[in-house]
Amino acid sequence: MKRIAALLILAALVGCDKIDRYDPIQPAPFKADIRGAVTSLEDVSGPKALGVMLVEGEIEKDTRYDRAYVSATASTDVMEADGTELNWSDLKEGDRVEAQFIGPVAESYPVQATAKTIVRLKASAR
């Protein structure tokens with residue numbers, strides 16, 4: 001009986017060391033929920049909210065929506081395509097952007113969502 005108990009304990013301990021052999025968890029690649037032109041941009045005064053923009057584009061193979069009201073908060077990452085950080089105030093109507101949403105999406109049309117990340121692909125000519 002003692003041998004069986006010892007073998008079970010040994011088997012449990014041997015199985016535990018496999019956790020260290022796995023590769024570290026990699027973050028998921030960026031996947032845009034919407035890509036298009038900023039057609040409306042509004043600053044919102046609030047302690048956490050930065051603003052709301054209307055983004056209009058086409059549904060592509062790697063996007064889900066063609067029109068969306070995208071809200072930005074203090075925790076939204078706003079950047080250029082090369083990774084350079086931007087401020088919300090750097091965005092202008094006419095900019096081509098893509099956004100990745102976080103949290104729930106209000107399924108009205110156009111959808112309404114909060115952005116985890118906004119990437120400016122091309123600045124407007126203004």
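Residue indices begin from 1 for each chain and proceed along its sequence in written order. Totals for whole chains, interfaces and linings use all residues, but because this is a predicted model, local features are given only for residues with pLDDT of at least 70 and pairs of side-chain atoms are given and counted only at 80 or more. Hydrogens and water molecules were not included; the side-chain quantities draw on all heavy atoms of the structure.

## What to know about the confidence of the model for the protein
Thought 1: Confidence along the protein averages 86 in pLDDT terms, with 79% of residues attaining 70 or more.
Thought 2: Within the protein, strand β3 (residues 67-73) carries the highest mean pLDDT (97), whereas helix α1 (residues 2-16) carries the lowest (63). Each residue carries a pLDDT score, the predictor's confidence in it, ranging from 0 to 100. Only DSSP runs of H or I reaching four residues or more are called helices, and only runs of E reaching two or more are called strands; each is numbered from the N terminus.

## Things to note about the side chain of T76
Thought 1: As for its placement among the helices and strands, T76 is situated in the loop between β3 and β4 (77-80).
Thought 2: A simple rule labels every residue: compare its accessible area, found with a 1.4 Å probe on the protein chains alone, to the largest value its type can have, and call it buried under 20%, exposed over 50%, or partly exposed in between. A relative accessible area of 7% places T76 in the buried class.
Thought 3: Looking at T76, its side chain comes within polar contact range of the main-chain nitrogen of T73, at 2.9 Å.
Thought 4: A distance of 2.7 Å separates a polar atom in the side chain of T76 from the backbone oxygen of A115.
Thought 5: Apart from the residues lying within four places of it in its own chain, the contact partners of T76 are S71, A115, K116, T117 and I118. In the analysis that follows, any N or O atom pair within 3.5 Å is treated as a polar contact, provided that within protein one partner can donate a hydrogen and the other can accept it, and provided that, for residues neighboring in sequence, both atoms belong to side chains. Any two residues having at least one pair of non-hydrogen atoms within 4.5 Å are treated as being in contact.

## Some words on unusual backbone geometry
Thought 1: Residue P110 follows Y109 across a cis peptide bond; omega there is 0°.
Thought 2: Positionally, P110 belongs in the loop between β5 (96-106) and β6 (111-122).

## Quick look at the pairing of β3
For a regular strand, the rule is simple: side chains alternate between the two faces of the sheet.
Thought 1: Alternating positions in β3 separate cleanly, A68, V70 and A72 being buried on one face and R67, Y69, S71 and T73 remaining unburied on the opposite face.
Thought 2: For two strands to be treated as a pair, DSSP must find no fewer than two bridges joining them. Bridge count for strand β2 (residues 49-57) against β3 is seven bridges, and the pairing is antiparallel. Residue V52 lies in a different strand from β3, and its bridge partner there is S71.
Thought 3: Bridge analysis of β3 against β6 gives four bridges, and the strand direction is parallel. Residue pairing for β6: S71 is matched across the bridge by T114.

## Digging into the pattern of salt bridges
Thought 1: We define a salt bridge as a side-chain nitrogen of Lys or Arg found within 4 Å of a carboxyl oxygen belonging to Asp or Glu. Applying the stated criterion across every chain yields a total of eight salt bridges.
Thought 2: Salt-bridge contacts for R35 lead to E98; the nearest nitrogen and oxygen are separated by 2.7 Å. Of this pair, R35 sits in strand β1 (residues 34-43) while E98 sits in strand β5, and the two are 63 residues apart along the sequence. E98 carries the same exposure label as R35, and that label is buried.
Thought 3: A salt bridge links E80 to R120; its shortest N-O distance comes to 2.4 Å. A residue pair is termed long-range when its members are at least 10 positions apart, and E80 in strand β4 and R120 in strand β6 qualify at 40 residues.
Thought 4: Here the residues in one salt-bridge network are R35, E60, D62, R96 and E98, joined through shared partners.

## Topic: the environment of K48
Thought 1: Of note, K48 is situated in the loop between β1 and β2.
Thought 2: Judged by relative accessible area, which is 66%, K48 ranks as exposed.
Thought 3: Contact partners of K48, with chain neighbours within four places excluded, come to A72, T73 and A74.

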